[in-house]
Every structure is written in structure tokens, then in C-alpha cells.
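# Analysis of the macromolecular model
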Amino acid sequence: MITTTADVQSQASISQSDSQLWTEDITIQYGDHIISRNLSVKIPHKSFTVIVGPNACGKSTLLRALSNLIKPTAGHVLLDGKNISTYKSKEVARQLGLLPQSSTAPDGITVANLVAHGRYPYQNLVRQWTDKDEEAVLSAMQVTNTTELSERFVDEPSGGQRQRVWIAMVLAQQTPLMLLDEPTTFLDIVHQIELLELFKGLNQQGNTLIAVLHDLNHAARYANHMIAMKDGQIVAQGDPREIVTEQLVEEVFGLKCTIIEDPIAHTPHIIPLGR
């Protein structure tokens, strides 16, 4: 049975009590250029939410709005029921960690020192470095398998290892929410799967993750909640097993395809038919 966009949006409604982070009719723009208008999104609590859509459709812009890096010109982004713009920056940083699309480390900084930057939200004139901070850094590096890199300079490890280091820094923040902007871009297939398995494990441990991914099959396999965007608007949102249809893929990407069941994960697997 074909699922329409209207059906999908109806099925995907999430109560505010089940969401830590959501938007209410936000408009996002750069100068006079409007990216998204009247955008309402709810991120399910303890979900692994993946945002998909064609290039320049507003995926990363939405993520930046959710992380308070962009302030909507209309509407509200709400974190735990409170307008995110009313929080102090360190308060936001104690609630959500952000892995941006491109990250640049200062010259000459070691992996351990970079990961330690994740504890910045907890530092002030009164509270300096503590055993708890040390434990958070060591734990983050252990989970991401970067402990052996601790004394190396950040620009020395491979691309996949560096990406794990940046994720370790976000983990060291010990936030209930993690926002990841294209974390697998430019990585080979082995490093992509390693990272996605890591994210899956973090989600199973209770973290809420929101990621922008380009690979539809990866998104369908690893996400338990998906947001599909086109031209700055939400076309569908919900469980990938319910919303990923041939109709949706053609509507969002203009790609004719057939969908089979992934024999390993039992999730939708998209097979392009070509043009």
C-alpha cells in the first residue's frame, strides 16, 4: 500500500512530553533568502533521528537551528519546553553536543587536549578541572577507541580516526542530546559503518542523536526516526520502516527506485532504477 505524505505526517505525530527538542513554526533565513518557513519538527526522546534530503534542501540549516547556532526569524526552538534562545550558551552546551560539518582544531593540540575541550561547559572561575572531568574524557576516548591516540597531534591520525576524536570531544560533554552534521562524509565505507555502529550503540545506551546523512540506505538501516526534507520543508517524518517508500524517494529525490528488505537489518533498502 502506498503511504501518502499526509498519512505519514499524521502517523508521525509526537507529543511534546516525548520530546526534549522541538520547533514550532520556525522560519530560517540568511539575509533576505528564506531557507525554511513554518517548520515544525519534534525529535523523539532517546531516538536516533536522521535527516535526509537532496543537497541544499535545508538539512544542515535545520540542525544549526536546533543547536541554537541560527536564530529563527519567526517561531521558536524549544529545549525541555523552554525557548532555547533564553538559555545561556554554557547551559545549552550542557544539554546538547554538536559535531559540525567541518571541524578545525588549533595547531599543535593533542588528541587528549582536544577531547578535554568537551568539558568546557562545566568550567568556571570557581569550578576548575576535577576528577569527574578526567573520568569523562577517559570514558569518551575509550568508547570511541581513541585512547591510543591521546598523545598524538590531532592532524596526525587518519580521517576516520580524527572523526572519532571529534565525536569523543562531544561525548566528553556528557549531554543527553547529540547533533551530528554529515559525520560520515568523505570517509570510506569501513569508517562509515564503524561510526554508524558507534552511534547506534550510544543511542541504545540512552542518548538522543540527530544526524544529517546523505546515504539513504544507511539512514534507513540505522535510524529509528527519519525526517525527509525537500526545498526547506518536511515531506515526511517517522519510522523509516513506515515512511520509506518508492513514492517518497521519487517525491524527495526525483529518483525512481524499487525497495527491498535489507536481509540483515530487515529495514528498507533502496535500489535505484536509473534514469
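Located above this text is the structure these notes cover.
Throughout what follows, the structure given in this document is the object of discussion. In this text, all values refer to a predicted model and were calculated from it rather than measured experimentally.

### Regarding the overall build of the protein chain
Helix and strand content of the protein chain: 10 helices and 13 strands. Computed over the C-alpha atoms, the radius of gyration of the protein chain is 19 Å, within 12% of the 19 Å expected from 2.2 N^0.38 for a compact globule of 275 residues. In terms of overall dimensions, the protein chain has a C-alpha envelope of 55 × 40 × 35 Å along the principal axes. Within the protein chain, the fraction of its 275 residues that count as buried is 50%. The centroid of the 22 positive side-chain charges in the protein chain is displaced by 5 Å from the centroid of its 30 negative side-chain charges.

### A short note on the environment of Glu-151
Topologically, Glu-151 is positioned in the loop between helix H5 (131-143) and helix H6 (159-172). With 40 residues separating them along the chain, Glu-151 and Val-111 place their C-alpha atoms 6.2 Å apart.

### Structural notes on the pairing of strand E13 (residues 268-272)
One ladder, built from five bridges, connects strand E12 (residues 257-261) with E13; its direction is antiparallel. When the sheet's bridge partners are listed, Ile-260 is paired in E13 with His-269. From the end of E12 to the start of E13, which pair antiparallel, there are six residues, and His-266 there has a positive phi angle of about 60 degrees.

### Some details on the side chain of Thr-144
As for its position among the elements, Thr-144 is in the loop between H5 and H6. At 3.0 Å, the side chain of Thr-144 and the side chain of Thr-146 are in polar contact. Excluding anything up to four places from it in sequence, Thr-144 contacts Arg-164, Ile-167, Ala-168, Leu-171 and Leu-198.

### Quick notes on the sheet that holds strand E10 (residues 225-230)
The strands making up a sheet associate through backbone hydrogen bonding, with each pair oriented either parallel or antiparallel. Read across the open sheet, the six strands follow the order E7-E8-E9-E4-E10-E11; overall the sheet is mixed. Two strands close off the open sheet at either side, each with one partner strand: strand E7 (96-99) and strand E11 (233-238). Across the sheet, the mean angle from the axis of one strand to that of its neighbour is 15 degrees, orientation sign disregarded. Bridge count for strand E8 (residues 177-181) against strand E9 (residues 208-212) is five bridges, and the pairing is parallel. Its bridge partner lying in E9, Met-178 is registered against Leu-209. Set on the sheet, helix H2 (residues 59-66) makes contact with strand E4 (48-52), E7, E8, E9 and E10; between it and E8 the angle comes to about 150 degrees.

How each quantity is defined
- Residues numbered from 1 in each chain as written.
- Predicted model: local features only at pLDDT ≥ 70, side-chain atom pairs only at ≥ 80, totals over all residues.
- Heavy atoms only, no water.
- Helix = DSSP H or I, 4+ residues; strand = E, 2+ residues; numbered from the N terminus.
- Rg over C-alpha atoms; globule rule 2.2 N^0.38 Å.
- Buried < 20%, exposed > 50% of the residue type's maximum accessible area, 1.4 Å probe, protein only.
- Lys, Arg positive; Asp, Glu negative; His and termini not counted.
- Charge placed at Lys NZ, Arg CZ, Asp CG, Glu CD.
- Pairing = 2+ DSSP bridges.
- Polar contact = N/O pair within 3.5 Å; in protein donor to acceptor, adjacent residues only side chain to side chain.
- Contact = heavy atoms within 4.5 Å.
- Axes fitted to C-alpha atoms, helices over the stretch in contact; angles between N-to-C directions.

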